[in-house]
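# Working through the structure, step by step
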Amino acid sequence: MVKDSPKPFRVALISTGGTIEKTYDELHGVLTNEVSVLEVMLARLELGGVLIERVTLMNKDSLEMTEADHRLIAETALHKAREFDGVIIVHGTDTMAVTGEAIYATQSKPRVPIILTGAMRPYELRTSDSMQNLVEALLAVQLAERGVYVAMHNRLLAFPGVRKDTEMGTFVKD
């Protein structure tokens, strides 16, 4: 839990790409994972008492991730969990559950909360859910108990058994 302390709460923010970080390529008329928008998003927030260290791991659509990518994300998150007060992973929603299950299978109760988040619609779209999900992840990482979670759409779901429900357009727990 967040304490009234002069010591900041240290968060490792691992970016892997996904819809939340997609930007519009005007030349080709498509959304791509070329440039991260996380710095822009973070600059819009009041983050008193929270110190964020950005870890840019990759910038991929999660459908393009390999088993090795999921393993690398899991290993990096668990390594950062030994050094920080909490870990947030910004990830594409299509395979977010695969990475969450990989982390959980390796260590079901990491030393600190590991929170996965993303967006169904890119930050650059007016109707994006990205800022809400990032804020929810930033709060969840400070309040949740040790474990592996998805924080999106006003929900905090603990692994195992979290999956994307494509019909509902959100994550659910089996």
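To be clear, the structure that these remarks concern was listed above.
Report on the accompanying structure. Throughout this description, residue numbers start from 1 for each chain and increase along the sequence as written. Thresholds applied to this predicted model are a pLDDT of at least 70 for local features of residues and 80 or more for the giving and counting of side-chain atom pairs; totals over whole chains, interfaces and linings are not thresholded and use all residues. Side-chain numbers come from the whole structure's heavy atoms, not from hydrogens or water.

Time to look at the packing of helix H2 (residues 67-81) against helix H3 (residues 96-106). In the contact formed by H2 and H3, the axes pass within 9 Å of each other and the chain directions differ by 55°. Here H2 is positioned oblique relative to H3, judged by the angle of their axes. When the axes of H2 and H3 are compared, the crossing they make is right-handed. Of the residues in H3, those touching H2 at His-70, Ile-73, Ala-74, Ala-77 and Leu-78 are Val-98, Thr-99, Ala-102, Ile-103 and Thr-106. Broken down by class, the residue content of the contact of H2 with H3 amounts to 7 nonpolar, 3 polar and no charged. Between the N-to-C directions of two axes lies an angle of 0 to 180 degrees, each axis being a line fitted to C-alpha atoms and, for a helix, fitted only over the stretch in contact. In this text, helices come from DSSP runs of H or I with a minimum length of four residues, and strands from runs of E with a minimum of two, each type numbered from the N-terminal end. Oblique is the label for any angle not covered by the other classes, which are roughly parallel (under 35 degrees), roughly antiparallel (over 145) and roughly perpendicular (65 to 115). Each crossing is labelled by how the near helix is turned from the far one, with a counterclockwise turn of less than a right angle marking it left-handed and a clockwise turn marking it right-handed. The contact criterion used throughout is that any non-hydrogen atoms of two residues lie within 4.5 Å. Any residue that is not Ala, Val, Leu, Ile, Met, Phe, Trp, Tyr, Cys, Pro, Asp, Glu, Lys or Arg is counted as polar, Gly included; the first ten are nonpolar and the last four charged.

A separate point is the pattern of salt bridges. Salt bridges are defined by distance alone: a side-chain nitrogen of Lys or Arg within 4 Å of a carboxyl oxygen of Asp or Glu. Taken as a whole and judged by the stated rule, the model has 7 salt bridges. In this structure, Glu-67 engages Arg-71 in a salt bridge whose closest nitrogen and oxygen atoms are separated by 3.3 Å. Within this pair, Glu-67 and its partner Arg-71 are both found in helix H2, separated by 4 residues, close to a single helical turn. You can call Glu-67 exposed: its relative accessible area is 61%. We call a residue buried when its accessible area falls under 20% of the maximum for its residue type, exposed when it is over 50%, and partly exposed in between, using a 1.4 Å probe and counting protein chains only.

A few words on helix H4 (residues 130-143). How far a helix is expected to stretch is found by multiplying one less than its residue total by 1.5 Å. Compared with an ideal rise of 1.5 Å per residue, which puts 14 residues at 20 Å, H4 spans 20 Å between its outermost C-alpha atoms and is within 8% of the ideal. By the burial criterion, the buried members of H4 are Ser-130, Met-131, Asn-133, Leu-134, Glu-136, Ala-137, Leu-138, Ala-140, Val-141 and Gln-142.

Another aspect to go through is the pairing of strand E7 (residues 147-152). Within E7, 6 of the 6 residues are buried, which leaves the element mostly enclosed by the surrounding structure. The alternating pattern of E7 places Gly-147, Tyr-149 and Ala-151 on one face and Val-148, Val-150 and Met-152 on the opposite face, and all of these are buried. By the bridge criterion, 4 bridges tie strand E6 (residues 113-117) to E7 in an arrangement that is parallel. Each bridged residue has a counterpart across the sheet, and for Ile-114 the counterpart in E7 is Val-148. Handedness of a crossover is defined as follows: orient the strands so they point away from the viewer, and if the path from the first strand over the helix to the second runs clockwise, the crossover is right-handed. Read as a crossover between parallel neighbours, the route from E6 over H4 to E7 is left-handed. Between any two strands, pairing holds if DSSP finds at least two bridges. Pairing of E7 with strand E8 (residues 155-158) involves 4 bridges; the strand directions are antiparallel. By the bridge assignment, Val-150 is partnered in E8 with Leu-157. In sequence, E7 turns back onto E8 through a hairpin of 2 residues, with His-153 there showing a positive phi of about 55°.

Moving on, we come to the nonpolar core. Counting residues in each nonpolar core, the largest one holds 26 residues, and the members touching the most others are Val-87, Ile-89, Ile-103, Ile-114, Leu-116 and Val-150. When contributions to this core are tallied by element, the ones reaching two or more residues are strand E1 (9-17), strand E4 (50-60), H2, strand E5 (86-90), H3, E6 and E7. It is H2 that contributes the most residues to this core, 5 residues altogether. In this structure, Leu-116 is in contact with Ile-89, His-91, Met-96, Thr-99, Gly-100, Ile-103, Val-148, Tyr-149, Val-150, Ala-151 and Phe-159, ignoring residues within four places of it in sequence. Of all hydrophobic cores here, the second largest spans 23 residues; its members include Ile-115, Tyr-123, Ala-144 and Ala-151. Here the nonpolar core consists of buried residues drawn from Ala, Val, Leu, Ile, Met, Phe, Trp, Tyr and Cys, with membership extended through side-chain atoms lying within 4.5 Å.

Let us look at the sheet that holds E6. In a beta sheet, neighbouring strands are held together by backbone hydrogen bonds and run either parallel or antiparallel to one another. Pairing within the open sheet is mixed, and its 6 strands lie in the order E4-E1-E5-E6-E7-E8. For this open sheet the edge positions go to E4 and E8, each flanked by a neighbour on one side alone. Pairs of neighbouring strands in the sheet enclose a mean axial angle of 20°, with direction left out of account. Of the strand pairs in this sheet, E1 and E5 are connected by 5 bridges, and their pairing is parallel. Bridge pairing in E5 links Leu-13 to Ile-88. Where H4 meets the sheet, its contacts fall on E1, E4, E5, E6, E7 and E8, and the angle it forms with E6 comes to roughly 170°.

Any functional reading would require information beyond the geometric quantities listed.
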